[in-house]
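# Report on the structure
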Amino acid sequence: MSQKEEIIKVGISIGDLNGIGSEVILKCFEDSRMLEICTPIIFGNSKPLSYVKKTIGNNTAIQGIDSLSQVIPNKLNVYNLWKENINISFGKNDPLIGKYAIKSFISATEALKNGEIDVLVTAPINKYNSVDEEFKYPGHTDYLNEQLEGDALMFLVSDELKIGLLTDHLPIQDVAKAITPELIEQKVKTINSTLKKDFNVFTPKIAVLGLNPHAGDGGVIGKEEIETIIPTVKKLHEEGILVSGPFAADGFFGSETYKHFDAVIACYHDQGLAPFKAISFGKGVNYTAGLDKIRTSPDHGTAYEIAGKGLADVTSFREAVYLAIDIYNNRNRNLESANNPLQPQEKDFSTKKIDN
């Protein structure tokens, strides 16, 4: 089936209903042209979405369904997972709302595993009210890594910068001992494969950042670079992967050296996300690379401070939808090419983006 014939089903987990997730979802599909490129399916309930619509003055038409077999192509479907009413209090940290966010996410993940949706886009959750005895994962990525095949890697993506993490939701005190040659090899190979398969970068150039200030300064400020990172990078380079480093993070971004690489690997969460958000915030996407299924999300959180006010910027969520569709198409085209190597490939596989 060709790209034009196939209607890509985009599953969407509802996120924290007291935040801006439902607002950006509705704003995204208020433009009917978005429905020409996919069929979105929100995992949640139509009642709170109707309340959000009324509150922010949104006119997006929603179609409630009680089974995924009832999905209507090119309409904004809302799969009703529950029937009870939920009290929405915008900006409030509510554990009950957190439970519904996780219920939506788990159901959407199951649908992704079963092939009932093609890709998953997750609206932001609040980790403080979603982690409990039943859901003990510190975020979406850890759960997806357990449920899906492959090795998950948090990969932040924008037109300006792509950056992956060696460690993600890990306390700083635990980072150094977690960075092993095996972990570095796994993450570099995951990014190398992801750039080829998902982004059509056929000879990826990858940079690895140092763990310590000044990348250890020759062992004066920590020995992780000398003992672990440098030997592993050298080994991977000898295996044919175009990987370089370690680079001192401050100078690497200050001098815009990142522009010479297709992707960057940071050692820990804030080392990667701080520069990424400084450069791309509001238009970047969090992509869970390395898995057999596709999941993206916007680069922002619940933004309680503006929830319910109609002020949320839809750009990052819309970019998350675009990227999920692009990667899905790239994977299928590359699979077709592998199975039929003599068939010519189209030059541009990307989704045509809709401007405001």
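Residues numbered from 1 in each chain as written. Predicted model: local features only at pLDDT ≥ 70, side-chain atom pairs only at ≥ 80, totals over all residues. Heavy atoms only, no water.

In the nomenclature of an unreviewed UniProt entry, the protein is known as 4-hydroxythreonine-4-phosphate dehydrogenase of Myroides phaeus.

Regarding its fold elements, the protein presents eleven helices and twelve strands. Computed over its C-alpha atoms, the radius of gyration of the protein comes to 21 Å, within 12% of the 21 Å expected for a compact globule of 356 residues. In terms of overall dimensions, the protein has C-alpha extents of about 60 × 55 × 35 Å along its principal axes. Taking all 356 residues of the protein together, 54% fall into the buried category. Accessible surface, the protein: about 16400 Å² in total, of which carbon and sulfur atoms supply 49%. A gap of 4 Å separates the mean positions of the 37 positive and 47 negative side-chain charges of the protein. (Helix = DSSP H or I, 4+ residues; strand = E, 2+ residues; numbered from the N terminus. Rg over C-alpha atoms; globule rule 2.2 N^0.38 Å. Buried < 20%, exposed > 50% of the residue type's maximum accessible area, 1.4 Å probe, protein only. Areas by Shrake-Rupley, 256 points an atom, 1.4 Å probe, with all protein chains shown as cover. Lys, Arg positive; Asp, Glu negative; His and termini not counted. Charge placed at Lys NZ, Arg CZ, Asp CG, Glu CD.)

Tallied over the entire structure, the rule returns 15 aromatic pairs. Judged by centre distance (5.5 Å) and plane angle (80°), the rings of F43 and Y79 are edge-to-face. Of this pair, F43 sits in strand β2 (residues 39–44) while Y79 is found in strand β4 (residues 77–80), placing the two residues 36 residues apart along the sequence. Residues F43 and Y79 agree in their burial class; the two are buried. (Phe/Tyr/Trp six-rings, centres within 6.5 Å; stacked < 30°, edge-to-face > 60°.)

To continue, consider the sheet that holds strand β11 (residues 285–291). If you trace the twelve strands from one edge of the open sheet to the other, you get β3-β4-β2-β1-β5-β12-β11-β6-β7-β10-β8-β9, paired in mixed fashion. In this open sheet, the two edge strands, each paired with only one partner strand, are β3 (63–65) and β9 (242–247). Averaged over all adjacent pairs, the angle separating strand axes in this sheet is 25°, with direction ignored. When strand β7 (residues 162–165) meets strand β10 (residues 263–266), the two strands line up parallel, connected through three bridges. Opposite I163, over in β10, you have V264 as the bridge partner. (Pairing = 2+ DSSP bridges. Axes fitted to C-alpha atoms, helices over the stretch in contact; angles between N-to-C directions.)

What follows covers helix α3 (residues 95–113). Taking 1.5 Å per residue, 19 residues should reach 27 Å; α3 reaches 27 Å between its end C-alpha atoms and fits that length. Those residues of α3 lying buried are I97, G98, Y100, A101, I102, S104, F105, A108, T109, A111 and L112. Those residues of α3 hidden inside the fold are in contact with β1 (9–13), β2, β5 (119–122), α4 (127–130), α5 (140–147) and β12 (294–298). A side-chain oxygen of the first residue of α3 lies 2.9 Å from the backbone nitrogen of L96; this N-cap is D94. (Expected span 1.5 Å × (residues − 1). Contact = heavy atoms within 4.5 Å. Polar contact = N/O pair within 3.5 Å; in protein donor to acceptor, adjacent residues only side chain to side chain.)

What follows is about helix α10 (residues 269–280). In this model, α10 (twelve residues) spans 16 Å end to end at C-alpha, consistent with the 16 Å of a helix rising 1.5 Å per residue. Here α10 has its buried residues at Q271, G272, L273, P275, F276 and S280. Here the buried face of α10 lies against β6 (150–157), β7, β8 (205–209), α9 (249–254), β10 and β11. With its phi angle positive at about 95°, G282 sits one or two positions after the end of α10.

Along the polypeptide, K53 turns up in helix α2 (residues 46–56). Buried charge K53 goes without a salt bridge, the closest partner of opposite sign being E30 at 8.7 Å. One polar contact links the side chain of K53 to the main-chain carbonyl oxygen of T60, over a distance of 2.5 Å. Contacts of K53, omitting those with residues within four sequence positions, involve L26, N58, N59, T60 and A61. (Salt bridge = Lys/Arg side-chain N within 4 Å of Asp/Glu carboxyl O.)

Let's shift gears to the pairing of β4. In β4, alternate side chains face the same way, and those of N77 and Y79 on one face and V78 and N80 on the other are all buried. Summarising the sheet, β2 and β4 pair through four bridges and their orientation is parallel. Counterpart to G44 in the pairing with β4 is N80. Where β3 lies against β4, three bridges are found, and the strand directions are parallel. When the sheet's bridge partners are listed, I65 is paired in β4 with Y79.

Another aspect to go through is the domain arrangement of the protein. For interface size, the figure often reported is the accessible area lost on association. Assigned domains within the protein: domain 1 (1–152 + 286–335) and domain 2 (160–282). For domain 1 and domain 2, the distance between their C-alpha centroids amounts to 29 Å. The residue R331 makes a salt bridge to D198 at a minimum N-O spacing of 2.7 Å. If you list the elements that add at least two residues to the side of domain 1 that touches domain 2, you get β6, β11 and α11 (315–339). It is α11 that contributes the most residues to the side of domain 1 that touches domain 2, seven residues altogether. Looking at the side of domain 1 that touches domain 2 residue by residue, the class counts come to six nonpolar, six polar and five charged. (Domains from an automatic or database assignment. Nonpolar A, V, L, I, M, F, W, Y, C, P; charged D, E, K, R; others polar.)

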